[in-house]
Amino acid sequence: VQLVESGGGLVQPGGSLRLSCAASGFTFSRYGMSWYRQAPGKERELVASISTAGGSTDYAKSVKGRFTISRDNAKNTVYLQMNSLKFEDTAVYYCYAYVARLDYWGQGTQVTVSS
C-alpha cells in the first residue's frame with residue numbers, strides 16, 4: 001500500500017488549496033479514506049472521511065463548511081478541497097487508509113496559512 005499526498009503549500013488567510021492523495025497497492029474503491037492533520041505540538045486529528053463510493057462524508061467541527069473531501073475511484077485518488085483557510089489550519093496533512101487490519105499513512109504535505 002502506498003499513499004502519496006501533494007498540493008500543500010503557503011497560502012494567505014481566506015485562501016484555498018486542494019490536496020490530493022494518490023493511492024496504490026490495494027483495491028481503492030473498496031475502502032473508506034480519511035485525511036488527518038498534525039499541527040506543531042499537537043496530536044494528530046481527523047479532518048475528514050469519505051466512504052467507498054463517496055456517498056457518505058464526515059468532517060471535524062473545525063473544518064465543516066470550509067473543507068470538502070471527495071474521491072475519484074477511476075484515478076485511485078482522494079482529494080481535500082480547503083477553502084476559507086485560517087491560521088489554525090496550518091499543519092502537516094496526511095492521507096490515511098485502513099487496509100487488511102493495518103494502518104497506512106502517506107508521508108504528509110505541509111499546509112501553511114500565513115499573511
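That block above? That's the structure.
Residues numbered from 1 in each chain as written. Predicted model: local features only at pLDDT ≥ 70, side-chain atom pairs only at ≥ 80, totals over all residues. Heavy atoms only, no water.

### Points about the overall build of the protein chain
Here comes step 1: Secondary structure summary: the protein chain contains 0 helices and 11 strands in total.
Here comes step 2: For the protein chain, the succession of helices and strands along the chain, N to C, is β-β-β-β-β-β-β-β-β-β-β.
Here comes step 3: Summarising its shape, the C-alpha atoms of the protein chain cover approximately 40 × 25 × 20 Å along the three principal directions.
Here comes step 4: Relative to its full complement of 115 residues, the protein chain shows a buried share of 41%. (Helix = DSSP H or I, 4+ residues; strand = E, 2+ residues; numbered from the N terminus. Buried < 20%, exposed > 50% of the residue type's maximum accessible area, 1.4 Å probe, protein only.)

### Re the environment of Val 47
Here comes step 1: Following the sequence through the fold, Val 47 ends up in strand E5 (residues 45-50).
Here comes step 2: Residues in contact with Val 47, not counting those within four places in the same chain, are Trp 35, Tyr 36, Arg 37, Asp 58, Tyr 59, Ala 60, Val 63, Phe 67, Leu 80 and Tyr 93. (Contact = heavy atoms within 4.5 Å.)

### Observations regarding the packing of aromatic side chains
Two aromatic rings are characterised by how far apart their centres lie and by the angle between their planes.
Here comes step 1: Scanning the entire structure with this criterion turns up 6 aromatic pairs.
Here comes step 2: With a centroid separation of 4.9 Å and 70° between ring planes, the pair formed by Tyr 36 and Trp 105 is classed as edge-to-face. Taken together, the residues Tyr 36 in strand E4 (residues 33-38) and Trp 105 in strand E10 (residues 102-105) connect sequence positions 69 residues apart.
Here comes step 3: Since its relative accessible area comes to 34%, Trp 105 is described here as partly exposed. (Phe/Tyr/Trp six-rings, centres within 6.5 Å; stacked < 30°, edge-to-face > 60°.)

### Focus: the pattern of salt bridges
Here comes step 1: Counted by the stated rule, this structure contains 3 salt bridges.
Here comes step 2: Across the salt bridge formed by Glu 45 and Arg 37, the nearest N and O atoms sit 2.6 Å from each other.
Here comes step 3: Among the ionic pairs, Arg 37 bridges to Asp 89, the shortest N-O distance being 2.9 Å. Residue Arg 37 is found in strand E4, and its partner Asp 89 is found in the loop between strand E8 (77-82) and strand E9 (91-99); the two are separated by 52 residues along the sequence. (Salt bridge = Lys/Arg side-chain N within 4 Å of Asp/Glu carboxyl O.)

### Here we look at the sheet that holds strand E7 (residues 67-72)
Here comes step 1: Here 4 strands make up an open sheet; going across it, the order is E1-E3-E8-E7 and the pairing antiparallel. In the strand order of this sheet, the two ends are held by strand E1 (2-6) and E7, each with one partner. The mean angle between the axes of side-by-side strands here comes to 15°, regardless of whether they run parallel or antiparallel.
Here comes step 2: Note: E1 against strand E3 (residues 17-24), 5 bridges, orientation antiparallel. Bridge assignment links Val 4 to a residue of E3, and that residue is Ala 22. (Pairing = 2+ DSSP bridges. Axes fitted to C-alpha atoms, helices over the stretch in contact; angles between N-to-C directions.)

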